[in-house]
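Here are the chains, one letter per residue:
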Amino acid sequence: MAEPLIYVGLDVGGTTMKSAAVDDAGKPLSAPVIMATEPERGQEAGLETMCETIRRAVKAAGVGLADVTAIGVATPGLMDIKAGLILDPPNLKPWKNVPVRDHIRQVFGKPTVYQNDANAAAYGEFWVGSGQAAKSMVLFTLGTGVGGGIILGDVIVEGEHSHGGELGHLRIAMPDRGRLCGCGARGCLEAYASATNVVKRAREEMAAWRGATKLRQYYTANDDDFTSKHVFNLAAAGDECALKVVDDTAYYLALGACAVISSVDPEMIVFGGGMVAAGESFRSRIDTYVRQYGLPFPTKTVKIAFASLGSDAGFIGAAGCARLAVKAK
Ligand SMILES: [Zn+2]
C-alpha cells in the first residue's frame, strides 16, 4: 500500500500564525496549532516561531516529520512569490526581505511552497470548501481589509508581480473623488466594504440620519468597541439606518464581483471573513445586486456563496498549494 500523503500548511498573520497537518483529502489531522507572530521581535525570531509552529502541528497530528510530503506557507503581501520572499508587509513590521520559503525548506528538508494568504484561503475553499464542486472560483475575504484570490482550474492567479487577485483594490468609484483607501488610492472596494470602513460609513450614516436609530444609541454608549458586527446585528434586528449601511455594503461588494465577472467569468464567487456571520439575507442582497449590474450572459449562472472553512481556509489552502505543487511534478 502506498504511504499516506500528508501536507503541513502554515498561515502567518500579523497577530498569530496557525498550522496543521492535512491529509490528501484536505482533512486536518488535528486542531490547528496557534502561536503569536510578534513581528516586533524581529524576523529571525519570526522564522523560528514559524518552524516551531510547524513542528508542533506535526506532533499534534500524531505523525513524524518523515511522514510529511511537503509544506505550504502563506503570508500577507507585500511579497515575491516566485522568490519565496516576504518583502515588507505593513502588518509584519519591521520584517524586510525574509527568505521564508528557503529557510523552511532547509530546516525541514521538505519540498516547500510559498503563497499569498488570501490566495491560499481561496485555494482552500476551492479544494475542500464552498467551491469544491466548481471549476473556477473567486474569493473575497472581508476583514480589516478586503482580500481576494482567483482560482481558474488548478491555476492560482499570482500575476507577474505576485499581486494578482488583489480584489480589495478593484476600483468601484471615481479615483478622483472616491473614498480614500489604505493603499493611497481613492475609490477602491476596500475603502467601502472592509469591516473598518463599514464602521466609518455607519458613523457617517447615523450622523445624517433623520429618524431614530439604535445604531446612534449603541455607538454613543460603546464608542471604542463599536464594530461592523454591531452594524450587522442591528440590521438583522430591523434597524433601518443599520440596514441602509449593510445594504450599501452588499451593493459595493456586488460591484467588485461584477468587475471580476467581466474579467475572468468564474463559475462561483465566494465571500469569506467576519461578515459571513450576517447570514443569508446579506448573501441574497449581494446576489440580487450582482444579477442587476453584472454582464448579463455570465451573470445569469454565476453562483454567489459564503465561504465554509472559516479561518481554517488559510492553513488548509497552504497545505493544498503544497499538494498541488507535488502532484504537478
Ligand atoms: Zn486600495
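Quick summary incoming for the structure in this document. (Residues numbered from 1 in each chain as written. Predicted model: local features only at pLDDT ≥ 70, side-chain atom pairs only at ≥ 80, totals over all residues.)

1. Thoughts on unusual backbone geometry
Point 1. For the bond running from Gly77 to Leu78, omega is 15°, close enough to zero to count as cis.
Point 2. One can find Leu78 in the loop between strand E4 (68-75) and strand E5 (79-80).
Point 3. Here Lys93 and Pro94 are connected by a cis peptide whose omega angle stands at 5°.
Point 4. Examined against the element boundaries, Pro94 turns out to sit in the loop between strand E6 (85-86) and helix H2 (100-108).
Point 5. Phi is positive for Glu38, which is not a glycine, with a value near 45°.
Point 6. With respect to the helices and strands, Glu38 occurs in the loop between strand E3 (33-36) and helix H1 (43-60).
Point 7. According to the C-beta neighbour criterion, Glu38 is partly exposed, with 14 such atoms within 10 Å.
Point 8. Phi at Asn97 takes a positive value of approximately 50°, unusual for a residue other than glycine.
Point 9. Inspection of the secondary structure puts Asn97 in the loop between E6 and H2.
Point 10. We classify Asn97 as exposed; it has 11 C-beta atoms within 10 Å. (Helix = DSSP H or I, 4+ residues; strand = E, 2+ residues; numbered from the N terminus. Buried ≥ 20, exposed ≤ 12 C-beta atoms within 10 Å, placed from the backbone.)

2. Regarding the nonpolar core
Point 1. Val8, Val231, Val246 and Ile286 are the most contacted members of the largest nonpolar core, which totals 104 residues.
Point 2. Tallying contributions element by element places helix H8 (residues 240-264) first for this core, with 14 residues.
Point 3. Here Val8 is in contact with Ser19, Ala21, Ile54, Ala57, Val58, Val68, Ile71 and Ala319, once residues within four sequence places are set aside. (Core = buried A, V, L, I, M, F, W, Y, C linked by C-beta atoms within 7 Å. Contact = placed C-beta atoms within 7 Å.)

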